[in-house]
Amino acid sequence: MQTTLQAPLAPYTSLHCGGNAETLVTVTNRDEVIEVLAHVAADHPVWLLGFGSNALISDEGLPGTTILWRGGEIWQDDKQIVVDAGVWWDDVVTYAIDHKLWGFELMSQIPSSVGGAVFGNIAAYGQQISDTLLWVEVFDRTTGETKRLDKSEIEFAYRESSLQTQTNLFILQAAFELSDTPLHELTYETALRVARELGEATDTLDGLRTTIIETRRRSGSLYDPNDPSAEHTAGSFFKNPLVSTEQAIELARYDETGKTLDRINQQNKVHGGSTRRASAAHVLLAAGFTRGQTWDKVRLHPDHVLKIEALEGATAQEVYSVAQEIISTVKDKLDITITPEVRFLGKF
């Protein structure tokens, strides 16, 4: 465990901007997290940061104590896996695949800690983390105790969990029930096309992992927190919104890949659980935004309109302001409300 005062937080986020932690405590395991939480006064602000791939931190920094947790343990009991919240998500995916267990393979290479993955109910290609979740261990700052929450005690929805509104709870561990036989079928056409091109079988764990990683690579969705040359984005900045049937049909016109309406509806359902869960990228294009559109030191990625990229010297406030402009423009022009996937931490 290491404590640093006025520590810069930008290097610990994928957007690479934002201010300092008043106090930064770097930990490596569950016991250290509990020790820090147990000794912080109840009215003292505490922030738990993993790999920072889905966070925009205020230029004013974070008051109080920021716990930086990267690392932890993975345990297995037959088909059950228990994981510390600080573990890099893809390490769990590879662990499961190495042990011939199904349930995580379609979520390969999603950039997150395990705690962040549960907190945000990550999902990809029709598979979501809540599908296999058994329980979550949390530290409750209200009582100063640890406790387990069964899956039935947590509400999950598209990119959401009820843990997001329970600010007194800090995720420590999660347990999953995997399978020795397939739980999901890959139906997403873009990924199936990649599999055919690579000659990869979509009924094997290794074939699916190779397919998903290559599909993510082609869409610019891979991120390595240890790569200093990585682009300064947080991936898709906005969630896919739920729209009316008429709006979904209209937005499909902005697809640039030649997909039919039926195929777009199928992909909307796979990604968001409903044919009316429209692509946020289509929404931005319909509102008049363009790839590469630039606001001084902030831009929409030249290849991926849904990525807000912080260029060299960009501030967190500038990134935040661009996000708010996009939200308000979409509402004014299309009467559609889009919400960020990225969490805003601190004062904006």
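Look up a bit, the structure's there.
What counts and how
- Residues numbered from 1 in each chain as written.
- Predicted model: local features only at pLDDT ≥ 70, side-chain atom pairs only at ≥ 80, totals over all residues.
- Heavy atoms only, no water.
- Helix = DSSP H or I, 4+ residues; strand = E, 2+ residues; numbered from the N terminus.
- Rg over C-alpha atoms; globule rule 2.2 N^0.38 Å.
- Buried < 20%, exposed > 50% of the residue type's maximum accessible area, 1.4 Å probe, protein only.
- Contact = heavy atoms within 4.5 Å.
- Areas by Shrake-Rupley, 256 points an atom, 1.4 Å probe, with all protein chains shown as cover.
- Lys, Arg positive; Asp, Glu negative; His and termini not counted.
- Charge placed at Lys NZ, Arg CZ, Asp CG, Glu CD.
- Core = buried A, V, L, I, M, F, W, Y, C linked by side-chain atoms within 4.5 Å.
- Phe/Tyr/Trp six-rings, centres within 6.5 Å; stacked < 30°, edge-to-face > 60°.
- Lys NZ or Arg CZ within 6 Å of the ring centre and 35° of its normal.
- 1 Å grid on protein atoms, 1.4 Å probe; cavity = no way out; pocket = protein on both sides within 12 Å on 5 of 7 lines; lining within 4 Å.
- Points joined across faces, edges and corners; volume = space filled by probe spheres on them.

So, on to the overall build of the protein chain. Scanning the protein chain from terminus to terminus reveals 9 helices and 18 strands. A globule of 348 residues ought to have a C-alpha radius of gyration of about 20 Å, and the protein chain, at 20 Å, matches this closely. Across its three principal directions, the C-alpha atoms of the protein chain cover 55 × 50 × 35 Å. Out of the 348 residues in the protein chain, the part that is buried amounts to 51%. Residue pairs at least 24 apart in sequence account for 63% of intrachain contacts in the protein chain once pairs closer than 6 positions are excluded. Within the structure as shown, the protein chain displays about 15700 Å² of accessible surface, and the carbon and sulfur contribution to it stands at 46%. Once the 30 positive and 49 negative side-chain charges of the protein chain are each reduced to a mean point, those two points are 6 Å apart.

Before going further, it helps to spend a moment on the nonpolar core. Counting 56 residues, the largest nonpolar core has Trp89, Phe104, Val118, Phe176 and Leu186 as its most contacted members. Those residues in contact with Val118, other than ones at most four positions away along the chain, are Ile129, Leu133, Val136, Phe156, Ser161, Leu163, Ile171, Ala174 and Phe176. Core analysis: the second largest hydrophobic core is formed by 37 residues, Leu251, Leu300, Val305 and Ile308 among them.

Inspection of every chain in the model, using the stated rule, returns 11 aromatic pairs. Centroid distance Trp89 to Phe176: 6.4 Å. Interplanar angle 65°. Geometry classified as edge-to-face. Here Phe176 lies in strand β14 (residues 169–177) and Trp89 lies in helix α2 (residues 89–98), a separation of 87 residues in the sequence. Note on accessibility: Trp89 and Phe176 belong to one class, buried. The interplanar angle of 40° and the centroid separation of 6.3 Å between the aromatic rings of Phe237 and Phe344 together place this pair among those described as tilted. Of this pair, Phe237 sits in the loop between α5 (205–218) and α6 (245–251) while Phe344 sits in strand β18 (residues 343–345), and the two are 107 residues apart along the sequence. Relative accessible area serves as the criterion here: at 0%, Phe237 is assigned to the buried category. Assessed through its relative accessible area of 26%, Phe344 is described here as partly exposed. Among the aromatic residues, ring-to-ring pairing joins Phe237, Phe238, Tyr320, Phe344 and Phe348 into one connected group. Stacked on the ring of Trp135, the Lys or Arg Arg148 has its end atom at 3.7 Å from the ring centre.

In this section: the environment of Pro241. For Pro241, the position within the fold is in the loop between α5 and α6. With 83 residues separating them in the primary sequence, Pro241 and Tyr158 have C-alpha atoms 10.0 Å apart.

Here the focus is empty space enclosed by the protein. Throughout the structure, instances matching the rule amount to 1 cavity of 30 Å³ or more. Reported here for the largest cavity is a volume of approximately 30 Å³. Considering the residues around the largest cavity, the lining is formed by Ala248, Leu251, Ala252, Ile264, Asn268, Ala278, Ser279 and His282. Sorting the residues of the lining of the largest cavity by element identifies α6 and α7 (261–272) as the ones contributing at least two each.

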